[in-house]
Amino acid sequence: MSLSLRPTTVRKLLCAAAIGLAWTASTWAQPASTGTEKWPARAVHMIVPFPAGSSPDLIARILTEKLAQALGQPAIVENRPGAGGNLGTGLVAKAAPDGYTIGLSIPGPLAVNTVLYRKMEYDPFKDLAPVTLVAASPNVLVVDPKLNVGSVKEFVALAKSQPGKLNYGSVGNGSASHLTMELFKEAAGLDIVHVPYPGSPQVNTAILDGQIAGGFVVPATAMPLVHAGRLRALAVTTSVRSIVLPDYPTLAEAGYPEVVSTAWVAVVAPAKTPGPIVERLSRELVAIIRSDDVREKMIRIYFQPIGTAPAGLSNLMRSEVERWGKVIKKTGATAD
C-alpha cells in the first residue's frame, strides 16, 4: 500500500485540494444525473480489493457510513481481494460508469503495478477516474519477537548471518510493503525471500505463526499486536519521525535514508463516470475526510487524513509510477 508521500507532497496536495474544491455553488446545487435518473437513486457500492480487517477495509467502512448519510442512499463495502489488489480494482475499472460502483485502493493497483506487471487487465490511467486521495500512513517494520532483535541494526545482522533463509511478507506485489522491503534489501545488502499475502492481517498472522520473519506493514493492523507484545516494531519509513508513531525511529536514523515510503489509500470510479458525479463524490468525501469525528477515527488507526480534488490524486498516481519504476528497475523487483 507511497508509496512515497513526503510532508512537502502532502502540503502540495492539500493546496491542490483547496484549489480543486472551488466548484461553484450553482454546480453544487444541481443534482447529478445519469441520463434518465437523478443520481443517486439507489445504493452505491465501494469495492475494496483487500480482505475485511485490512487497513483499506477499515477506512472504507469509516467513509461509507458517512457517505450514506451525505447521499441519502446506502453505501455498501464489498471486499474483493486477490492479485495484490488488481482483482478488485480491475472490477471497478470494468464496472458501469454510472456512479453506483466506486473503489478504494492503494498505490500498487492504482499506479505501480503498471511497471511491475508485464500485462494488466486494466489501465488505471485510462480505465479509472480519480476521485480523491483519502489518507496516508507510515509503514512500520515489524518482526517476530522470537527473533530476539531489538533494532534495525540487529535485524540486518541476523539476516546477513542467514542469507536466503529468512522470509518476509507483503500485502501483494507492487504494494508499499513489497517495494519498501526490496528497497531496504538493496540498501542493506540483504538476501531475504518475498512471500505475498492477501492483506496485512494475513501478514501479521504469518509472523505470529513463525512462517515469516517480519515485513513492512501499516500500523493500523500491526500496532495492537505490538502493544500486546506479540509483534515487535523496529522503525518507520517516513523521512522524519511520524506524527502518529513519534516514539519509533526512522530507517534514516538507522542508516538507510533512501528507504522512505508511505502507504496511501484513494477513491476512484470507472472512467467515463459523468463529471458531475465524480465532482459530487469528491466534494462529499473530502468534507467527510476533514470532519472532526472522521479525522479522529483515522488518526486512531494511524492514518493522516488528506482529501484532495481529483486532479491531486491524478498527479500523485503519475508521480508514483515515475518514482517506483526507478526502484523496480534498480532492485529487480518482480511480480513473480
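Because the structure is predicted, anything quoted here is derived from the model rather than measured.

For the rest of this paragraph, the subject is the pattern of salt bridges. Side chains that carry opposite charge are capable of pairing whenever their charged atoms lie near each other. A complete count under the given rule lists nine salt bridges for this structure. With a shortest N-O distance of 2.8 Å, Asp57 and Arg61 are connected by a salt bridge. Pair noted here: Asp57 and Arg61 are both in helix H3 (residues 55-71), with a separation of four residues, about one helical turn.

What follows deals with the sheet that holds strand E5 (residues 101-105). Strand order in the open sheet formed by six strands is E4-E3-E5-E12-E6-E13, with mixed pairing between adjacent strands. This sheet does not close on itself; its edge strands, each paired only once, are strand E4 (75-79) and strand E13 (304-305). Relative to E13, strand E6 (residues 128-138) is paired through two bridges, and the arrangement is antiparallel. Bridging across to E13, Ala136 finds its partner in Gln304. Set on the sheet, H3 makes contact with strand E3 (44-48), E4, E5, E6 and strand E12 (262-270); between it and E4 the angle comes to about 160°.

For helix H8 (residues 176-188), which comprises 13 residues, the first-to-last C-alpha distance of 18 Å matches the rise-based estimate of 18 Å (1.5 Å per residue) to within 8%. Most of H8 is tucked away: 11 of the 13 residues are buried. For H8, the full list of buried residues reads Ala176, Ser177, His178, Leu179, Thr180, Met181, Glu182, Leu183, Phe184, Lys185 and Ala188. Taken from the residues just after H8, Gly189 is the one with a positive phi, measuring 70°.

Residue Pro40 is bonded to the preceding Trp39 through a cis peptide linkage, with omega at 0°. By the element assignment, Pro40 lies in the loop between strand E2 (37-38) and E3. Unusually for a residue other than glycine, Lys272 sits at a positive phi of about 75°. Phi is positive for Tyr302, which is not a glycine, with a value near 70°. The topology assignment puts Tyr302 in the loop between helix H12 (292-300) and E13. The exposure class assigned to Tyr302 is buried, which follows from its relative accessible area of 15%.

Running from amino to carboxyl end, H3 crosses helix H11 (residues 275-289) at an angle of 125°, the nearest separation of the two axes being 10 Å. In terms of orientation, H3 lies oblique with respect to H11. Judged by the twist between their axes, the crossing of H3 over H11 is right-handed. Taking contact as the criterion, the partners of Leu63, Lys66, Leu67, Ala70 and Leu71 in H3 are, on H11, Arg280, Glu284, Leu285, Ile288 and Ile289. Considered class by class, the residues forming the contact of H3 with H11 number seven nonpolar, no polar and three charged.

It is worth spelling out the pairing of strand E9 (residues 193-196) at this point. Sheet topology places strand E8 (residues 167-170) next to E9; four bridges connect them, and they run parallel. Opposite Tyr168, over in E9, you have His194 as the bridge partner. Running through H8, the crossover from E8 to the neighbouring parallel element E9 is right-handed.

In this section: the nonpolar core. Leu141, Val152, Phe184, Leu251, Tyr256 and Trp264 are the most contacted members of the largest nonpolar core, which totals 49 residues. If we skip the residues at most four places from it in the chain, Phe184 touches Leu141, Val152, Phe155, Val156, Gly189, Leu190, Phe216, Leu251, Tyr256 and Val259. Among the nonpolar cores identified, the runner-up in size contains 37 residues, and Phe50, Val134, Ile277 and Ile301 belong to it.

Taken as a whole, the protein chain shows an average pLDDT of 89; of its residues, 89% reach a score of 70 or greater. Segment residues 1-31 is flagged for pLDDT under 50; beyond a separation of four residues in sequence, or across chains, it makes 80 contacts in the model.

Mapped onto the secondary structure, Ser177 falls in helix H8. Within the structure, Ser177 has its side chain in polar contact with the backbone nitrogen of Val171 (distance 2.9 Å). Separated by 2.9 Å, the side chains of Ser177 and Ser175 make a polar contact.

Criteria and cut-off values
Residues numbered from 1 in each chain as written. Predicted model: local features only at pLDDT ≥ 70, side-chain atom pairs only at ≥ 80, totals over all residues. Heavy atoms only, no water. Salt bridge = Lys/Arg side-chain N within 4 Å of Asp/Glu carboxyl O. Helix = DSSP H or I, 4+ residues; strand = E, 2+ residues; numbered from the N terminus. Pairing = 2+ DSSP bridges. Contact = heavy atoms within 4.5 Å. Axes fitted to C-alpha atoms, helices over the stretch in contact; angles between N-to-C directions. Expected span 1.5 Å × (residues − 1). Buried < 20%, exposed > 50% of the residue type's maximum accessible area, 1.4 Å probe, protein only. Parallel < 35°, antiparallel > 145°, perpendicular 65-115°, else oblique. Left-handed = near helix turned anticlockwise from the far one by under 90°. Nonpolar A, V, L, I, M, F, W, Y, C, P; charged D, E, K, R; others polar. Right-handed = clockwise from strand over helix to strand, strands pointing away. Core = buried A, V, L, I, M, F, W, Y, C linked by side-chain atoms within 4.5 Å. pLDDT = per-residue confidence, 0-100. Polar contact = N/O pair within 3.5 Å; in protein donor to acceptor, adjacent residues only side chain to side chain.

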